[in-house]
Amino acid sequence: MAIDAPKIENLIRAGFPDAQITVQGDDGQHFAAMVVDESFRGKSRVQQQRAVNATLKAEIDSGNLHALALTTKAPE
Amino acid sequence: MSDANTRIDETVKGNDVVLFMKGTKEMPSCGFSSRVAGVLNFMGVEYADVNVLADDDVRQGIKDYSDWPTIPQLYVKGEFVGGCDIITEMTLSGELDTMFEDNGVSYDKEAANKIREANA
């Protein structure tokens, strides 16, 4: 089953309702996402990205989402 | 703990720097693994490499071990540091240098600076 950028954004949004989220990629497999959320403040990149990955776990595990280049940070 | 988990744990704790990757440090077989191995090689860091393609249990097990969905995975002094994107960011920002220094891992500062100059 293919996945697209809006679906990825919705899944991340479910976990981070107030985040600024940008998802790019239109080949159905490779995506790049930027998530900016207050909850990231004071956390390491690993902790931030684990939290985002958790919202996408089902899609990653099933192989629908093959590659996601993730950038995470707290608002400036 | 499963057998694979035990072996992973021993490898992570028994080496100061370990890279779980696809392929080997001499012959990476994935662009993301190649990038991280390339940084470590260029910076002259001594590290153990584990080829996950050689062992299906480790390939899946390392993802469960770190709660991280992708490979490569870099560990320093038993701690998971990150995958390709994080290591790339840390290399360019200088955070990787600091992390190595804090953990007493030797590396070539000049080489690290060269990477940053080339990517400025």
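Scroll up to find the structure this text is about.
Residues numbered from 1 in each chain as written. Chains lettered and ligands numbered in written order. Predicted model: local features only at pLDDT ≥ 70, side-chain atom pairs only at ≥ 80, totals over all residues.

**Q** Any chance you could explain the overall build of chain A here in plain terms?
**A** Helix and strand content of chain A: 3 helices and 3 strands. Order of helices (α) and strands (β) in chain A, N terminus to C terminus: α-β-β-α-α-β. Computed over its C-alpha atoms, the radius of gyration of chain A comes to 12 Å, within 12% of the 11 Å expected for a compact globule of 76 residues. Referenced to the eigenvectors of the C-alpha coordinate spread, the extents of chain A come out at roughly 35 × 20 × 20 Å. Counting all 76 residues of chain A, 22% fall into the buried class. If you take every contact in chain A between residues at least 6 apart in sequence, the share linking residues at least 24 apart comes to 51%. (Helix = DSSP H or I, 4+ residues; strand = E, 2+ residues; numbered from the N terminus. Rg over C-alpha atoms; globule rule 2.2 N^0.38 Å. Buried ≥ 20, exposed ≤ 12 C-beta atoms within 10 Å, placed from the backbone. Contact = placed C-beta atoms within 7 Å.)

**Q** What is the right way to read the interface of chain B and chain A from this model?
**A** Accessible area lost when the parts come together is the quantity often used to give the size of an interface. In this complex, chain B contributes 7 residues to the contact, which on the side of chain A involves 7 residues. Breaking the side of chain B that touches chain A down by element, the ones donating at least two residues are β4 (79-82) and α4 (84-93) of chain B. Taken together, the residues that form the side of chain B that touches chain A break down as 4 nonpolar, 1 polar and 2 charged. (Nonpolar A, V, L, I, M, F, W, Y, C, P; charged D, E, K, R; others polar.)

**Q** What's the story with helix α2 (residues 45-55) of chain A in this structure? I'm lost.
**A** For α2 of chain A, the set of buried residues is Arg45, Gln48, Gln49 and Val52 of chain A. Projected down its long axis, α2 of chain A shows its buried positions confined to an angular sector of 85°, all on one face. Away from its buried face by more than 90 degrees, α2 of chain A exposes Gln47 and Ala54 of chain A. Check the buried side of α2 of chain A and you find it contacts α1 (5-15), β2 (30-36) and β3 (67-73) of chain A together with β4 and α4 of chain B. (Arc of directions from axis to C-beta.)

**Q** Sorry if this is basic, but what is going on with unusual backbone geometry here?
**A** Backbone phi values are negative for most residues with the exception of glycine, while trans is the configuration of most peptide bonds. All names here are of chain B. Here the bond from Ile71 into Pro72 is cis, since omega is 15°, no more than 30 degrees from zero. Within the secondary structure, Pro72 is located in the loop between α3 (56-66) and β3 (73-76). For Lys77, which is not glycine, the phi dihedral falls at a positive 50°. Counting through the fold element by element, Lys77 comes out in the loop between β3 and β4.

**Q** Would you mind showing me how to read the environment of Ile8 of chain A here?
**A** Residue and element names in this part refer to chain A. By secondary structure assignment, the location of Ile8 is in helix α1. When the 22 C-beta atoms within 10 Å are taken as the criterion, Ile8 is described as buried. Residues Ile8 and Leu65 lie 57 residues apart in sequence; the distance between their C-alpha atoms is 8.9 Å. Dropping the residues within four chain positions of it, Ile8 is found in contact with Ile3, Val23, Phe31, Ala33 and Leu56.

**Q** Looking at this model, I keep getting lost on the nonpolar core. Mind explaining?
**A** Within the largest apolar cluster, 30 residues are counted, with the highest numbers of intra-cluster contacts made by Leu19, Phe20, Val36 and Ile87 of chain B. With 5 residues, the single largest contributor to this core is helix α2 (residues 31-42) of chain B. If we ignore the near neighbours within four places in the chain, the residues touching Phe20 of chain B are Val50, Val52, Ile62, Ile71, Pro72 and Gln73 of chain B. Formed by 11 residues, the second largest nonpolar core is a distinct cluster that contains Val23, Leu56, Leu65 and Leu70 of chain A. (Core = buried A, V, L, I, M, F, W, Y, C linked by C-beta atoms within 7 Å.)

**Q** What exactly am I supposed to notice about the sheet that holds β3 of chain A here?
**A** Backbone hydrogen bonds are what pair the strands of a sheet, in a parallel or an antiparallel way. All names here are of chain A. Here we have 3 strands laid out as an open sheet, ordered β1-β2-β3, and mixed in their pairing. Both outer strands of the open sheet, β1 (20-24) and β3, are each paired with one neighbouring strand and no more. Looking at each pair of strands side by side, their axes are set apart by 10° on average, direction ignored. On top of the sheet, α1 reaches β1 and β2; it is set at about 150° to β1, its chief contact. (Pairing = 2+ DSSP bridges. Axes fitted to C-alpha atoms, helices over the stretch in contact; angles between N-to-C directions.)

**Q** Is there a simple way to explain the pairing of strand β1 (residues 17-21) of chain B in this structure?
**A** The two faces of a sheet get side chains in turn, since along a regular strand they alternate between them. All names here are of chain B. Within β1, 4 of the 5 residues are buried, which leaves it mostly tucked inside the rest of the structure. With 4 bridges joining them, β1 and β3 adopt antiparallel strand pairing. If you follow Leu19 over to β3, its bridge partner there is Leu74. Bridge analysis of β1 against strand β2 (residues 48-51) gives 4 bridges, and the strand direction is parallel. In the strand pairing of β2, Val18 is matched with Ala48. With respect to chirality, the unit in which β1 leads through α2 into the neighbouring parallel β2 is right-handed. (Right-handed = clockwise from strand over helix to strand, strands pointing away.)

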